[in-house]
Number of protein chains: 2
Amino acid sequence: MKKKEILKKSLLFNGLPDEQLDALCSISVSKKYQRGQAVFHDGEPGNGFYMVASGKVKIFKLSTDGKEQILHIFGVGEPFGEVPVFHGTPFPASASTLAASELFFFPRLEFINLLKANPSLALSMLAVLSMRLRRFTTQVENLTLKEVPGRLASYLLYLIEEQNREEEVVLDVPKGQLASLLGTTPETLSRIFAKMSEEGLIKVAGKTIRLLDLERLRER
Amino acid sequence: MKKKEILKKSLLFNGLPDEQLDALCSISVSKKYQRGQAVFHDGEPGNGFYMVASGKVKIFKLSTDGKEQILHIFGVGEPFGEVPVFHGTPFPASASTLAASELFFFPRLEFINLLKANPSLALSMLAVLSMRLRRFTTQVENLTLKEVPGRLASYLLYLIEEQNREEEVVLDVPKGQLASLLGTTPETLSRIFAKMSEEGLIKVAGKTIRLLDLERLRER
DNA sequence: TTTATTTTTTGACCTAGATCAATTGAAGAA
DNA sequence: TTCTTCAATTGATCTAGGTCAAAAAATAAA
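The structure displayed is predicted, hence computed values, not measured ones.

### As for the packing of helix α6 (residues 148-162) of chain A against helix α8 (residues 186-198) of chain A
Residue and element names in this part refer to chain A. Relative to each other, α6 and α8 sit at 75 degrees, their axes nearing to 10 Å. Accordingly, the angle class assigned to the pair α6 and α8 is roughly perpendicular. Facing α6, whose interface residues are Val148, Pro149, Leu152 and Ala153, α8 presents Thr188, Leu189, Ile192, Phe193 and Met196. For the contact of α6 with α8, the class distribution of residues is eight nonpolar, one polar and no charged.

Now the structure itself:
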């Protein structure tokens, strides 16, 4: 697909006038990444942000003893890595691809110039960051106020929404990564999948999960 | 202190030209709150954001069974409650005062008009939201990759930085609230204070805490 | 000061879930 | 197909920290 098409479809740039899209096209650079490749590292300075053109990217924190917490997984059309652009500080987390991916890179200065000239672009960016804040809010809520089964339940319900499905979702990450996203271990997650299956809440078949009882999932 | 002075000192509005400060003054409204009063509730629609003029405000989530997780505590000059302004969705969390407070309220439409006319204001707001994202990042990191003693240690180190002290900090919240901020219970927090004292890491005297061994605190 | 109310601390106990270790299963390479 | 390798499951055990209950401090009110 053409670059302009992708930008146009993204939540961030959707609705912008044609000439602004062209400007965005011309300042951004496409980069290709293999599966599992690092995009940037926690603590590195950043001089621009990225948008997923194809593939999937995880943003994560590593503890000193090597444990990983995934903060978010970004798919096509989603921008990431903006913090250094607007706040000037280094990347607060690391990013690497979960699949072979193409990313668009928007250099800081050029983008800020566009922003200055186009208030509506600034407002879109504010909207994107606000949505991000909201997500963090619910992530903290899930991590601290719910136990693991509840977190899994909300993730499955989130997927069903995101994938516009009625009762079946397809995991977008290997189960090990899902554990890291939910703040638990693969072992625990596996047990919980088993228990929820026994209880008739879900039916697991590889990466496909059928949600049998939305009602009870919701009250987790 | 005069309103304009407070706005001028805030990180968000600091550095703006005089006439913009005047405009901000004229669109914002001052509201007074008693200690413990609710400012807004999780899920409510919002038609503007706030800035602390005096006092202190906590942003928090409540679980269905009444447990509280504090997301952040805002002091003088800090804006909060912006998500609905830029993303249009309801407040993602609740806010109430931790002390008698005065808040400035900035109505959505008027503020957005100012933004549109002043790119630098938009950039400041982007910087503020980016900083907020960074904070959430470290909060998730602390909650999931560190255990409670480690979280307390980073909070104390954060305070010593914030308060520009060498070795003594003053807790800005009652201990019960601190527990909720660190994602634990008052009982556990109390035990950890005791243990860290025994170990010679800190010396607790009411709300004043002397950090005896920054080195070892850091490696928690 | 004395009393009442809230906050903090301490003790005893319990559970969610992490860790360690071993097995099974699945997916890609030869 | 058969190896090889990595991911997922299952079992057994351990522990951080939550819960419940009571005592002790600290604050506020009278």
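### Some remarks on the packing of aromatic side chains
On inspection of all chains with the given rule, the structure shows 23 aromatic pairs over all chains. When the centroid spacing of 6.0 Å and the interplanar angle of 35 degrees are considered together, the rings of A:Phe40 and A:Phe80 count as tilted. On the criterion of sequence distance, the pair formed by A:Phe40 in strand β2 (residues 38-40) and A:Phe80 in strand β6 (residues 79-80) is long-range, its members being 40 residues apart. Summarising the aromatic geometry, the rings of B:Phe49 and B:Phe111 are spaced 4.8 Å apart at their centres and angled 80 degrees between planes, so their arrangement reads as edge-to-face. One end of the pair, B:Phe49, is in strand β3 (residues 48-54); the other, B:Phe111, is in helix α4 (residues 108-117), with 62 residues separating them in the sequence. Taking the relative accessible area as the measure of exposure, B:Phe49 reaches 0% and is therefore buried. Taken together through their ring pairs, the aromatic side chains of A:Phe40, A:Tyr50, A:Phe74, A:Phe80, A:Phe91 and A:Phe105 make up a single cluster. Above the plane of the ring of B:Phe105 lies B:Lys31, whose end atom (NZ or CZ) is 4.7 Å from the centre. Stacked on the ring of B:Phe60, the Lys or Arg B:Lys58 has its end atom at 4.9 Å from the ring centre.

### Here we look at the protein's contact with DNA strand D
Not every one of the 16 residues close to DNA strand D is listed here, only the nearest: A:Arg191, B:Glu147, B:Val148, B:Thr184 and B:Thr188. Among atoms of DNA strand D positioned within 4 Å of the protein, sugar and phosphate together represent 61%. The separation between a phosphate oxygen of DNA strand D and a polar side-chain atom of A:Ser190 is 3.1 Å. The side chain of B:Thr185 places a nitrogen or oxygen atom 3.3 Å from a phosphate oxygen of DNA strand D. At the level of elements, α7 (175-181) and α8 of chain A together with α6 (148-162) and α8 (186-198) of chain B are the ones that each hand at least two residues to the surface near DNA strand D. No other element matches α8(A), which puts four residues into the surface near DNA strand D.

### Remarks on the sheet that holds strand β5 (residues 68-74) of chain A
Residue and element names in this part refer to chain A. Here four strands make up an open sheet; going across it, the order is β2-β7-β4-β5 and the pairing antiparallel. If you trace the sheet from one side to the other, it starts and ends with β2 and β5, each paired once. Going from strand to strand, the sheet's axes swing by 30 degrees on average, the running direction of each strand aside. With six bridges connecting them, strand β4 (residues 57-62) and β5 associate as antiparallel partners. Each bridged residue has a counterpart across the sheet, and for Leu62 the counterpart in β5 is Glu68.

Rules used throughout
- Residues numbered from 1 in each chain as written.
- Chains lettered and ligands numbered in written order.
- Predicted model: local features only at pLDDT ≥ 70, side-chain atom pairs only at ≥ 80, totals over all residues.
- Heavy atoms only, no water.
- Axes fitted to C-alpha atoms, helices over the stretch in contact; angles between N-to-C directions.
- Helix = DSSP H or I, 4+ residues; strand = E, 2+ residues; numbered from the N terminus.
- Parallel < 35°, antiparallel > 145°, perpendicular 65-115°, else oblique.
- Contact = heavy atoms within 4.5 Å.
- Nonpolar A, V, L, I, M, F, W, Y, C, P; charged D, E, K, R; others polar.
- Phe/Tyr/Trp six-rings, centres within 6.5 Å; stacked < 30°, edge-to-face > 60°.
- Buried < 20%, exposed > 50% of the residue type's maximum accessible area, 1.4 Å probe, protein only.
- Lys NZ or Arg CZ within 6 Å of the ring centre and 35° of its normal.
- Near = heavy atom within 4 Å.
- Polar contact = N/O pair within 3.5 Å; in protein donor to acceptor, adjacent residues only side chain to side chain.
- Pairing = 2+ DSSP bridges.

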